[in-house]
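Fold and contact review
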Amino acid sequence: MNSSEEQSRPAEPRVNGPGTLGSAISRAAGFFGFWLVLTGADADDLAAGLFAAVAATWASLRLMPAQQWSLRPIKLAEFALHFLRQSIAAGIDVALRALDPRLPLRPDFVVYQTRLPPGTRRDTFCAIMSLLPGTLPCGPAAGNGLNIHCLDVTQPVVEQLAAEEALCVQALGGAQRND
Amino acid sequence: MNLAFDIFTVSVVSAGAFFFLAGTVGLLRFPDSLTRLHALTKVDNLGLGLVVVGLLPQANGLFGALKLVSIWLLVQLSGAIVTQLIAGAVRQRGSDG
């Protein structure tokens, strides 16, 4: 997560996007919009909201420095829809297993080698993975490995994760070359 | 029209409640902490999502609807992150408790 590490990373796709300032403005707009939603855009609260949005932006830039996300809006929308479908499938899958009298579980750990570099993108992928059917990331393994707890290891978990990761990379950009 | 919205709300929120029930059954029946985490995150997220979608037609204007969706997104985000932290801790300790 630290910035020197970010800069030394090879072959990052760069786009002509806004830098830290642009990032600060868009985050502040997002936080302020969130404030408006929470308070129902009450005029008396706007000053407090502006202050809160500035403070939240400062904290977010400290905790998660601005970086180039080569976001592709259409891919991102497709990915969001795909993710929605997958999380519905995940809920139904676990619900059926829980309610099945035979309790069909084959839980175990699988190590998945990710192509995503450590940092925000990998964390995002882990967060997405934890909502996919049957997988739960629980910490790093050796190298670029991630320990994944699976509900059913008879499923082709690694292949599924590789497909998800490819989609995620298409939407968010930023895979690391395997060298 | 209102009747149609009400029927929609009752059926979708009921479906959400069903998933919460299934998640709780999983929490009770699954054998260890990690499998129980699967039950909690995945099923409850779907349950909450259905409850939120079901309540949208009853929401108090656009801000009310956005607030409901924000609750869902925040729960998804915190669920996705906290689950990984708990899973990592359980794995390191190797406890099944």
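Observations concerning unusual backbone geometry
The residue A:Leu103 is not glycine, and still its phi comes out positive at about 50°. For A:Leu103, a count of 13 C-beta atoms within 10 Å translates into the label partly exposed.

Re the sheet that holds strand β2 (residues 135-140) of chain A
Residue and element names in this part refer to chain A. Spatially, the three strands line up as an open sheet ordered β1-β3-β2, and their pairing is antiparallel. Each edge of the open sheet carries a strand with a single partner, namely β1 (108-113) and β2. Along the sheet, successive strands turn relative to each other by an average axial angle of 35°, direction set aside. Pairing of β2 with strand β3 (residues 145-150), which is carried by four bridges, proceeds in the antiparallel orientation. Bridge pairing links Thr 135 to Cys 150 in β3.

Some words on the environment of A:Thr120
Residues and elements named next belong to chain A. Counting through the fold element by element, Thr 120 comes out in helix α5 (residues 120-129). Classification of Thr 120 as partly exposed rests on a count of 17 C-beta atoms within 10 Å. In the structure, Thr 120 is positioned 55 residues away from Pro 65 in sequence and 9.6 Å away in space, judged by C-alpha atoms. Excluding residues within four positions of it along the chain, Thr 120 makes contact with Met 64 and Gln 67.

Some thoughts on the confidence of the model for chain B
Residues and elements named next belong to chain B. Within chain B, residue pLDDT values average 89, and 96% of them lie at 70 or more. Ranking the elements of chain B by mean pLDDT puts helix α3 (residues 61-93) last with 88 and helix α1 (residues 2-29) first with 93. On the interface metric, ipTM, the complex scores 0.84, and its pTM is 0.79.

Cut-offs and rules
- Residues numbered from 1 in each chain as written.
- Chains lettered and ligands numbered in written order.
- Predicted model: local features only at pLDDT ≥ 70, side-chain atom pairs only at ≥ 80, totals over all residues.
- Buried ≥ 20, exposed ≤ 12 C-beta atoms within 10 Å, placed from the backbone.
- Pairing = 2+ DSSP bridges.
- Helix = DSSP H or I, 4+ residues; strand = E, 2+ residues; numbered from the N terminus.
- Axes fitted to C-alpha atoms, helices over the stretch in contact; angles between N-to-C directions.
- Contact = placed C-beta atoms within 7 Å.
- pLDDT = per-residue confidence, 0-100.

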